[in-house]
Amino acid sequence: MLTASIVVHRPDPAQLRRCMECVLACPDVATLYIIDNSPAPACPDVASTPRVEYCHVENRGFGAGHNAAIRDALKLRPDAHLVLNADTWWEGDVIGRMARYMAAHPDVGMMMPKVYYPDGDLQLTPRRLPAPLDMIAKRFLPRSIARRRVDRYLLADADHDVIIDSPYLLGSFLLFRREALESEGLFDERFFMYPEDIDITRRIHANWRTLHYPDVSIVHCHAAASRRNWRMLRIHIVNMIRYFNKWGWLIDPQRRDFNRRLEAGLRPAPRPLSPRRG
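Just so it is clear, the structure is predicted and the values come from calculations on it, not from any experiment.

### Topic: the overall build of the protein
Consideration 1: Of the regular secondary structure elements, the protein holds nine helices and eleven strands.
Consideration 2: On C-alpha atoms alone, the protein measures out to a radius of gyration of 18 Å, which is about the 19 Å that the 2.2 N^0.38 rule sets for 278 residues.
Consideration 3: In terms of principal-axis extent, the alpha carbons of the protein reach across some 50 × 45 × 35 Å.
Consideration 4: Burial analysis of the protein (278 residues in total) assigns 55% to the buried set.
Consideration 5: Sequence separation of at least 24 residues holds for 80% of the intrachain contacts in the protein that already meet a minimum separation of 6.
Consideration 6: Accessible surface for the protein amounts to roughly 12700 Å². Of this, 53% is attributable to carbon and sulfur atoms.
Consideration 7: Where the 40 positive side-chain charges of the protein centre and where its 33 negative ones centre are 7 Å apart.

### Description of the nonpolar core
Consideration 1: Core analysis: the biggest nonpolar cluster contains 55 residues, and Ile 6 and Ile 34 have the highest contact counts within it.
Consideration 2: With six residues, the single largest contributor to this core is helix α3 (residues 94-104).
Consideration 3: If we ignore the near neighbours within four places in the chain, the residues touching Ile 6 are Leu 16, Cys 19, Met 20, Leu 32, Tyr 33, Ile 34, Ile 35, His 66, Leu 84, Asn 85 and Ala 86.
Consideration 4: Of all hydrophobic cores here, the second largest spans 17 residues; its members include Tyr 153, Leu 154, Leu 170 and Tyr 243.

### Notes on the pairing of strand β11 (residues 209-220)
Consideration 1: Of all twelve residues in β11, nine are buried, a share of seventy percent or more.
Consideration 2: When strand β5 (residues 88-89) meets β11, the two strands line up antiparallel, connected through two bridges. Within the sheet, the bridge partner assigned to Trp 89 lies in β11 and is Val 219.
Consideration 3: The sheet contact formed by strand β6 (residues 108-116) and β11 spans eight bridges and is parallel. Looking at β11, one finds that Tyr 116 is bridged to Val 219.
Consideration 4: When strand β8 (residues 164-165) meets β11, the two strands line up antiparallel, connected through two bridges. Each residue of the ladder has a partner; that of Asp 165, found in β11, is Leu 211.

### Section: the side chain of His 81
Consideration 1: Its place among the elements puts His 81 in strand β4 (residues 80-84).
Consideration 2: For His 81, the side chain forms a polar contact with the side chain of Ser 5, separated by 2.8 Å.
Consideration 3: Sequence-distant contacts of His 81, defined by excluding residues within four places in its chain, comprise Thr 3, Ala 4, Ser 5, Tyr 33, Ile 70, Ala 73, Leu 174, Leu 175, Phe 176 and Leu 181.

### Quick notes on the packing of aromatic side chains
Consideration 1: Evaluated as defined, the whole model comprises seven aromatic pairs.
Consideration 2: Taking 6.1 Å as the distance between ring centres and 75° as the angle between the ring planes, the aromatic pair formed by Phe 62 and Phe 187 counts as edge-to-face. With a gap of 125 residues between them, Phe 62 in helix α2 (residues 62-74) and Phe 187 in the loop between α6 (178-184) and α7 (196-205) connect regions that are remote in the sequence. Grouping residues by exposure puts Phe 62 and Phe 187 together as buried.
Consideration 3: Ring plane angle 85° and centroid distance 6.0 Å describe the contact between Phe 176 and Phe 187, whose orientation is recorded as edge-to-face. Linking Phe 176 in strand β10 (residues 173-177) with Phe 187 in the loop between α6 and α7, this pair joins segments that are eleven residues apart in sequence. Comparing Phe 176 with Phe 187, the two get one shared label, buried.
Consideration 4: An aromatic cluster is defined as three or more aromatic residues linked by ring pairs; in this entry it consists of Phe 191, Tyr 243, Phe 244 and Trp 249.

Parameters at a glance
Residues numbered from 1 in each chain as written. Predicted model: local features only at pLDDT ≥ 70, side-chain atom pairs only at ≥ 80, totals over all residues. Heavy atoms only, no water. Helix = DSSP H or I, 4+ residues; strand = E, 2+ residues; numbered from the N terminus. Rg over C-alpha atoms; globule rule 2.2 N^0.38 Å. Buried < 20%, exposed > 50% of the residue type's maximum accessible area, 1.4 Å probe, protein only. Contact = heavy atoms within 4.5 Å. Areas by Shrake-Rupley, 256 points an atom, 1.4 Å probe, with all protein chains shown as cover. Lys, Arg positive; Asp, Glu negative; His and termini not counted. Charge placed at Lys NZ, Arg CZ, Asp CG, Glu CD. Core = buried A, V, L, I, M, F, W, Y, C linked by side-chain atoms within 4.5 Å. Pairing = 2+ DSSP bridges. Polar contact = N/O pair within 3.5 Å; in protein donor to acceptor, adjacent residues only side chain to side chain. Phe/Tyr/Trp six-rings, centres within 6.5 Å; stacked < 30°, edge-to-face > 60°.

Right, dumping it as structure tokens:
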């Protein structure tokens, strides 16, 4: 049995409906939580089926919203809980196949599928743990200057058609084993948004495998709001500062160890990928 949660803020109704239909098509999902962070209830009508729980809450951030759902879901004792964005969709039994792989491999604490942009380009979702310079290079420096460093951070030279045990998985679609959440903890609510997926992946990665699983795939719009909105950019910067204050700026032995092990296990890609800025 599985549970799932989507956190929304002023959602696109059609987009949310499409994502919900994809989730509910999996019979293993017993409950789908819709956590609405909008100023006023934006989509109470989504709870039109007993399998959907809708809750309008104060906006305390992405991780805090999912934590509200996860805490309730853990009372049901699911085998795993899926955290996903409303701007994702897919065809086929993506959730079920991931859950069956996780059930067959008890060392897997967390996993995500292969992810594509709507135009078919690959999203580079498994990544190295970032150093401060990685984030500066990716966000602010011209690609002509930062290409080598950004490519290394995003694993652009790695084969994404094989399983990658990565210490950082992008948070658009994450399947968590219940025991991993119980042992390693939920999202750190000090992060309003952006680095909460880095933080929870590395905490789970310390004792479990955290996998990019390319046997199934989804589509993700990936709005990258902080590239177009100064307020969101400020939120991004403030929360990355909080992240590096927690784990270390220049000195982070775990980051160094995890990244070395990651690189040792990578298989080179047939041809290097060209990362998008996002």
